[in-house]
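The primary structure of each chain is shown beneath.
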Amino acid sequence: MSNMKKIYSLFLILGVSLAACREDFLEKSPIVGTTEENFYRTEADAIAAVNAAYAALQFQLSPAGHFRWFWGDIMSDDAVKGGGGDNDVNSLLQLETFKGPVNTDLLEAEWGADYEGIYRANVVLEKVPPIEMDAALKARILGEARFIRAWQFYNLVTMFGGVPLADHVLAPSEYNMSRASAEEVWDLIESDLQAAIPVLWKRSEYPAADLGRITRGTAQALLVKTYLWRQKWPEAKTVAEDIINSNEYQLVANYADIFPVYGENNSESVFEIQYMNASGGNWGKNNANEGSFTNVFTRARGQFAGYGFNIPTQDFVDEFFAEGFEDPRLASTVFRVGDEMGDRGTFTIDATGGSPYLYYPKKYFNNKSEDAPFGDPNPNGGSNDRVIRYADVLLMHAEAAYHTGDEGAARASLNQVRNRVHIPDISYSGPALLEAIYRERRIELGLEAHRFFDLVRTGRAPEVLGSLGFTAGVHELFPIPQSQIQATNGALSQNPGY
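Computed from a predicted structure; not experimentally measured.

Some remarks on the overall build of the chain
- Helices and strands together make up the secondary structure of the chain, namely 18 helices and 8 strands.
- For a compact globule of 498 residues, the expected C-alpha radius of gyration is about 23 Å, and the chain comes in at 22 Å, within 12% of that figure.
- Considered along the principal axes of its C-alpha atoms, the chain spans approximately 65 × 50 × 50 Å.
- Looking at the chain as a whole, 61% of its 498 residues are labelled buried.
- On the chain, roughly 17800 Å² of surface is accessible, and the fraction owed to carbon and sulfur atoms is 51%.

And the structure:
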């Protein structure tokens, strides 16, 4: 197990100041016994500070749920809310049916967690430069902080559009910031990633104990995603090719080996948020939690001891049969009635306590034998969050290559992903090739929180999601949490249509 699973919470032991998300989302709350005057002096302090920024990546209940799959899967045509019925997290049902609301704690928690991560990254970028320490390590730490800030702003801009551009540790007089434009936020993301890439270490340059840290390839991959959102096709193609030509990543031979615990930080892991099952995490605001809540939230109910959220749709399952055969990736993506759910038993409707669902997500399923060895296993899931895989990079390259007119390169990257699961090559040209790339993303990356954002980014959301209530010009963005508009005395404006 990588030491990064443990490193994420070391900031509490080493005494790094944390940010607490109050109404204005940016108030600092120091840990007892530490002050800015006696910290940020040594190399160990610098490492502890960036570890505190890493820890913010883990937040899933802080205090309400804001899982990536809430937004990427449930909001799309790949999954429905599920759970114990309509009243089980009803505000999520309202969001997935595009009925609001603007005052849900789900969006407040996402907003607050992203800005807490930004604050922690800003602290690193402000406090670490004066420290006397190894220059290469300092540069890497600053690069990691820039990536973390870029990632949190990426979450915000893709969900909310333009947001307050907190690109430094704010003074109290700055708390009521108005919204920057989405373009200004994207510019900061690009700038941070471009600055981080040259100083970040390659994956192969990290010792085994640091497996899971941000690498050069991680920052490059997020930059490719940024370029795709901005339709900077040549730039996206170039950076994706830099990742491919680095030889730092390769597809795992067996698709089924990607998501079990033994597949963590594998050869195609580009960005993976680390969790562990022995963290002692609790149900409070999980500032120090090292365990994932995804395991329990997405397992079936009944004897499987889960909550039954993120239920795959029939339309999603049918996509795996659209080429006239069952795509082999379905068996690693979805549980079907009659399947063995690991060591928890056979999936039947009766075994789930009568829940009516015919399918359950499989990628973040954990066995009973993998439960936390102490404490409550529910907030202590051990499955890492696979955020960006090399297969995603190849498919982004295929899309960028298509838009630059290099259909040969587009087909090559697309077919490399398909060859891994031994299905026929695609030979299409023109719009059919682009549709094949889009479809491959849905299959290959299914239930990994990409679908809604892919549909919005490519302009297909109104057509695909219109029957579910999606309205063009409104639902590409989520509503700004009403609590933040009130906390800033109206300095923040609401998105159109809400």
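Resuming the write-up.
Some details on the packing of aromatic side chains
- Applying the stated criterion to the full structure yields 27 aromatic pairs.
- Ring geometry for Trp-151 and Tyr-154: centres 5.7 Å apart, planes at 15 degrees, overall stacked. You can see Trp-151 and its partner Tyr-154 sitting in helix α7 (residues 135–160), 3 residues apart, about one turn around the helix. Accessibility assignment for this pair places Trp-151 and Tyr-154 in one class, buried.
- Judged by centre distance (5.2 Å) and plane angle (85 degrees), the ring pair of Trp-151 and Phe-271 falls under edge-to-face. Here Trp-151 is found in helix α7, whereas its partner Phe-271 is found in strand β4 (residues 269–273), with 120 residues between them in sequence.

Quick notes on the environment of Leu-433
- Mapping Leu-433 onto the fold places it in helix α15 (residues 431–444).
- Residues Leu-433 and Glu-399 lie 34 residues apart in sequence; the distance between their C-alpha atoms is 9.2 Å.

Details of the packing of helix α9 (residues 216–229) against helix α10 (residues 233–245)
- Contact geometry for α9 and α10: axes closest at 8 Å, N-to-C directions at 160 degrees. By the angle between their axes, α9 is roughly antiparallel relative to α10. The two elements α9 and α10 cross, and the hand of that crossing is left-handed. Here α9 contributes Gly-217, Gln-220, Ala-221, Leu-223, Val-224, Tyr-227 and Leu-228 to the contact with α10, which in turn contributes Trp-233, Glu-235, Ala-236, Val-239, Ala-240, Asp-242 and Ile-243.
- Here the contact of α9 with α10 is composed, by residue class, of 10 nonpolar, 2 polar and 2 charged.

Thoughts on the confidence of the model for the chain
- Taken over all residues, the pLDDT of the chain has a mean of 92, while the share at 70 or more is 91%.
- With pLDDT under 50 throughout, residues 9–32 is counted as low confidence; its partners more than four residues away or in other chains account for 64 contacts.

What about the packing of helix α3 (residues 43–55) against helix α6 (residues 105–127)?
- Between α3 and α6, the shortest axis-to-axis distance is 8 Å and the interhelical angle comes to 160 degrees. The angle between α3 and α6 places the two elements in the roughly antiparallel class. α6 is crossed by α3, and the crossing has left-handed handedness. Taken together, the residues of α6 that come into contact with α3 (itself represented by Ala-49, Val-50, Ala-52, Ala-53 and Ala-55) are Arg-120, Ala-121 and Val-124.
- For the contact of α3 with α6, the class distribution of residues is 7 nonpolar, no polar and 1 charged.

Brief notes about the side chain of Glu-440
- You can see Glu-440 is positioned in helix α15.
- When near neighbours in sequence (up to four residues on either side) are disregarded, Glu-440 contacts Arg-329, Leu-395, Leu-414, Val-417, Arg-418 and Leu-445.

Quick notes on the nonpolar core
- Trp-71, Phe-147, Phe-153, Phe-160, Ile-189, Phe-271 and Phe-452 are the most contacted members of the largest nonpolar core, which totals 121 residues.
- Element by element, the count of residues in this core is highest for α7, at 14 residues.
- When residues no more than four places from it in sequence are discounted, the contact partners of Phe-452 are Trp-71, Gly-72, Met-75, Ser-76, Phe-98, Leu-465, Phe-470, His-475 and Phe-478.
- Listed in part, the 10 residues of the second largest apolar core include Ile-311, Phe-347, Ala-351 and Phe-365.

What to know about the pattern of salt bridges
- All chains considered together, the criterion is met by 43 salt bridges.
- Here Glu-144 ties to Arg-213 by a salt bridge, and the two come within 3.1 Å at their closest N and O atoms. Placement of the pair is Glu-144 in helix α7 and Arg-213 in the loop between α8 (182–196) and α9, with a sequence separation of 69 residues. Accessibility classification places Glu-144 together with Arg-213 in one group, the buried group.

Re the environment of Thr-215
- Of note, Thr-215 is situated in the loop between α8 and α9.
- Expressed as a C-alpha distance, the spacing of Thr-215 and Val-464, which sit 249 residues apart in the sequence, is 35 Å.
- Apart from the residues lying within four places of it in its own chain, the contact partners of Thr-215 are Leu-200, Trp-201, Lys-202, Arg-203, Tyr-206, Tyr-249 and Val-270.
- Of the polar contacts made by the side chain of Thr-215, one reaches the backbone nitrogen of Gly-217; its length is 3.3 Å.

So, how was this worked out
- Residues numbered from 1 in each chain as written.
- Predicted model: local features only at pLDDT ≥ 70, side-chain atom pairs only at ≥ 80, totals over all residues.
- Heavy atoms only, no water.
- Helix = DSSP H or I, 4+ residues; strand = E, 2+ residues; numbered from the N terminus.
- Rg over C-alpha atoms; globule rule 2.2 N^0.38 Å.
- Buried < 20%, exposed > 50% of the residue type's maximum accessible area, 1.4 Å probe, protein only.
- Areas by Shrake-Rupley, 256 points an atom, 1.4 Å probe, with all protein chains shown as cover.
- Phe/Tyr/Trp six-rings, centres within 6.5 Å; stacked < 30°, edge-to-face > 60°.
- Axes fitted to C-alpha atoms, helices over the stretch in contact; angles between N-to-C directions.
- Parallel < 35°, antiparallel > 145°, perpendicular 65-115°, else oblique.
- Left-handed = near helix turned anticlockwise from the far one by under 90°.
- Contact = heavy atoms within 4.5 Å.
- Nonpolar A, V, L, I, M, F, W, Y, C, P; charged D, E, K, R; others polar.
- pLDDT = per-residue confidence, 0-100.
- Core = buried A, V, L, I, M, F, W, Y, C linked by side-chain atoms within 4.5 Å.
- Salt bridge = Lys/Arg side-chain N within 4 Å of Asp/Glu carboxyl O.
- Polar contact = N/O pair within 3.5 Å; in protein donor to acceptor, adjacent residues only side chain to side chain.

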